[in-house]
Amino acid sequence: QARLEESGGGPAQVGGGLRLSCAASGYIYYCMGWFRQAPGKEREGVATIDRTGTSYYAGSVKGRFTISKDNAKNTLYLQMNSLKPEDTAMYYCAADERRTGGGYCYGPPENSYNFLGLWGQGTLVSVSS
């Protein structure tokens, strides 16, 4: 059964914002991230954050999106501001289910794709004028 659950998606205006949440259960102390997939396009990395709080962003969202986490609440967040139509996508929360190493993400979000083994069901973000 899924142990990650995204929420917070929905319609948004161009230039507006949304905050996505991911209930992370026991994964909050490991590398976690947000990925998105638009219809007809490949899934792309958006942002990742490791155990220490070090974060990484895709160039397309840097300066507009902020990934953060609340360890006490076991929740991962993605604050999305200055939304653009091209941000429209299904957004997925992902986590490293390995229990070795120090919980690091090691670089840009795309680099984490292959080792983030647990994925949520996704939450849809639709940005329009």
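Whatever comes next refers back to the structure up there.
1. A short note on the pairing of strand β11 (residues 123-128)
What you see with β11 is a clean split: T123, V125 and V127 sit on the buried side and L124, S126 and S128 on the side with no burial. With four bridges connecting them, strand β2 (residues 10-13) and β11 associate as parallel partners. Looking at β11, one finds that G10 is bridged to V125.

2. Thoughts on the pattern of salt bridges
Scanning all chains against the criterion turns up four salt bridges. In this structure, the salt-bridge partner of R36 is E44, at a minimum N-O distance of 2.7 Å. Its relative accessible area of 4% is what places R36 among the buried residues. One salt bridge in this structure joins D87 and R36, with 2.9 Å as the shortest N-O distance. Here the residue D87 occupies a position in the loop between β8 (75-80) and β9 (89-95), and R36 occupies one in strand β4 (residues 32-37), the gap between them amounting to 51 residues. When sorted by exposure, D87 lands in the same class as R36, which is buried. One connected set of salt bridges, linked through shared partners, spans R36, E44, R64 and D87.

3. Looking at the side chain of R64
Counting through the fold element by element, R64 comes out in the loop between β6 (55-57) and β7 (65-70). Judged by relative accessible area, which is 11%, R64 ranks as buried. For R64, the residues in contact, after removing those within four places along its chain, are Q79, M80, N81, S82, L83, K84 and D87.

4. What to know about the environment of G103
Mapped onto the secondary structure, G103 falls in the loop between β9 and α1 (109-112). Under the relative-accessibility criterion, G103 is labelled buried at 6%. Ignoring any residue separated from it by four or fewer positions in sequence, one finds G103 in contact with Y29, Y30, C31, D50 and R51.

5. Section: the state of the cysteines
Tallying each qualifying case throughout the model produces two disulfides. Two residues, C22 and C93, share a disulfide whose sulfurs are 2.1 Å apart. Between C22 and C93, the S-S dihedral sits near -75 degrees, and the bridge is therefore left-handed. Of the two residues, C22 is situated in strand β3 (residues 18-23) and C93 in strand β9; the sequence distance between them amounts to 71 residues. This pair shows no difference in class: C22 is buried, exactly as C93 is. The disulfide that involves C31 links it to C105, with 2.1 Å between the sulfurs.

Criteria and thresholds
- Residues numbered from 1 in each chain as written.
- Predicted model: local features only at pLDDT ≥ 70, side-chain atom pairs only at ≥ 80, totals over all residues.
- Heavy atoms only, no water.
- Buried < 20%, exposed > 50% of the residue type's maximum accessible area, 1.4 Å probe, protein only.
- Helix = DSSP H or I, 4+ residues; strand = E, 2+ residues; numbered from the N terminus.
- Pairing = 2+ DSSP bridges.
- Salt bridge = Lys/Arg side-chain N within 4 Å of Asp/Glu carboxyl O.
- Contact = heavy atoms within 4.5 Å.
- Disulfide = S-S within 2.5 Å.

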